[in-house]
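# Chain and residue survey
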Amino acid sequence: ATYGLTLAEAVMMALGERIGRLDAHHLIGSACRSALAGQRPLRAVLGEMPAVTEHLAPAELDRLLDPAAYLGATGVFVERVLSAHARAAAAMHP
C-alpha cells in the first residue's frame, strides 16, 4: 500500500554513510516521490537510480527494504511486555 516507503529511512541511513546524510536525504526523497507518482515499489525506483546503485548493491537494497530486518528491538520490547504481564497475572492469582 505504501510502495515500500515506510522502509526508506533504512536505505537513507545506509546511503548516508557513503555519500553524506544530506545528499542521501535528498536522493531518497526524490526516489520516494517517484515511487508515489508512478505507483511503483520503492525498490524498483531505487534499482534504476545509478546514484544509488553505485553505492548499494542489489542484495543490500533487498536487505534494507526487508520489513523483517526493520523491526529492530521490537522482539525485546514484546518479551518485556509479556513478562510484565505474566508477573502481574501471577501476583493477582497466586
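Scope of this entry: the structure provided in the associated data block. Worth saying up front: this structure is predicted, and the values here are computed from it rather than measured. For every chain, the first residue of its written sequence is number 1, and the numbers climb from 1 along that sequence. Per-residue local features are limited, in this predicted model, to residues with pLDDT of at least 70; the limit for side-chain atom pairs, both in listing and counting, is 80 or more; totals at the level of whole chains, interfaces and linings are taken over all residues. Excluding hydrogens and water, the side-chain figures rest on all heavy atoms present in the structure.

Before going further, it helps to examine unusual backbone geometry. In this model, Tyr3 sits at a positive phi of 60 degrees, which is unusual for a non-glycine residue. Numbering of helices and strands runs from the N terminus; a helix is a DSSP stretch of H or I covering at least four residues, while a strand is a stretch of E covering at least two. Structurally, Tyr3 is set in the segment before helix 1 (8–19). Given a relative accessible area of 29%, Tyr3 falls into the partly exposed group. You will see that Gln39, though not glycine, has its phi angle at about 50 degrees, which is positive. The residue Gln39 is located in the loop between helix 2 (21–38) and helix 3 (42–47) in this model. Using a relative accessible area of 59% as the deciding quantity, one classes Gln39 as exposed. Exposure classes here rest on a 1.4 Å probe applied to the protein chains alone. A residue is buried below 20% of its type maximum, exposed above 50%, and partly exposed in between.

A few words now on the packing of helix 1 against helix 2. Each pair of packed helices can be described by the angle between their axes along with the distance between the axes. For helices, the axis comes from a line fit to the C-alpha atoms of the stretch in contact; other axes are also lines fit to C-alpha atoms, and the angle between any two N-to-C directions lies between 0 and 180 degrees. At a minimum axis separation of 7 Å, helix 1 and helix 2 run at an interaxial angle of 140 degrees. Classified by the angle their axes make, helix 1 and helix 2 are oblique. Classified by chirality, the crossing of helix 2 by helix 1 is right-handed. Counted together, Ala8, Val11, Met12, Met13, Leu15, Gly16 and Ile19 of helix 1 and Arg21, Asp23, Ala24, His25, Leu27, Ile28 and Cys32 of helix 2 form the full contact between these two elements. As a working rule, the residues Ala, Val, Leu, Ile, Met, Phe, Trp, Tyr, Cys and Pro are called nonpolar, Asp, Glu, Lys and Arg charged, and the rest polar, with Gly in that last group. The class makeup of the residues in the contact of helix 1 with helix 2 is 10 nonpolar, 2 polar and 2 charged. With respect to orientation, any angle under 35 degrees is reported as roughly parallel, any angle over 145 as roughly antiparallel, any angle of 65 to 115 as roughly perpendicular, and every other angle as oblique. A clockwise turn of the near helix away from the far one marks a right-handed crossing, whereas an anticlockwise turn of less than a right angle marks a left-handed crossing. In what follows, residue pairs with any heavy atoms lying within 4.5 Å of each other are defined as contacts.

The rule for a salt bridge is simple: a side-chain nitrogen of Lys or Arg has to be within 4 Å of a carboxyl oxygen of Asp or Glu. Scanning the model with the defined rule gives 4 salt bridges in all. Across the pair Arg18 and Glu60 runs a salt bridge, and its minimum N-O distance is 3.2 Å. One end of the pair, Arg18, is in helix 1; the other, Glu60, is in helix 5 (residues 58–64), with 42 residues separating them in the sequence. Across the pair Arg63 and Glu60 runs a salt bridge whose closest N-O atoms are separated by 3.6 Å. Of the two residues, Arg63 and Glu60 are both situated in helix 5; the distance of 3 residues between them amounts to about one turn of the helix. Exposure remark for Arg63: the relative accessible area of 47% places this residue in the partly exposed category. One network of salt bridges, in which partners are shared, links Arg18, Glu60 and Arg63.

Let us now look at helix 1. Between the first and last residue of a helix there are one fewer steps than residues, each counted as 1.5 Å, and that sum is the expected span. Compared with an ideal rise of 1.5 Å per residue, which puts 12 residues at 16 Å, helix 1 spans 16 Å between its outermost C-alpha atoms and is within 8% of the ideal. Among the residues of helix 1, Ala8, Ala10, Val11, Met12, Ala14, Leu15 and Gly16 are the ones counted as buried. For helix 1, the secondary structure elements touched by its buried residues are helix 2, helix 3, helix 4 (50–53) and helix 5.

The values are spatial; any link to function lies outside them.
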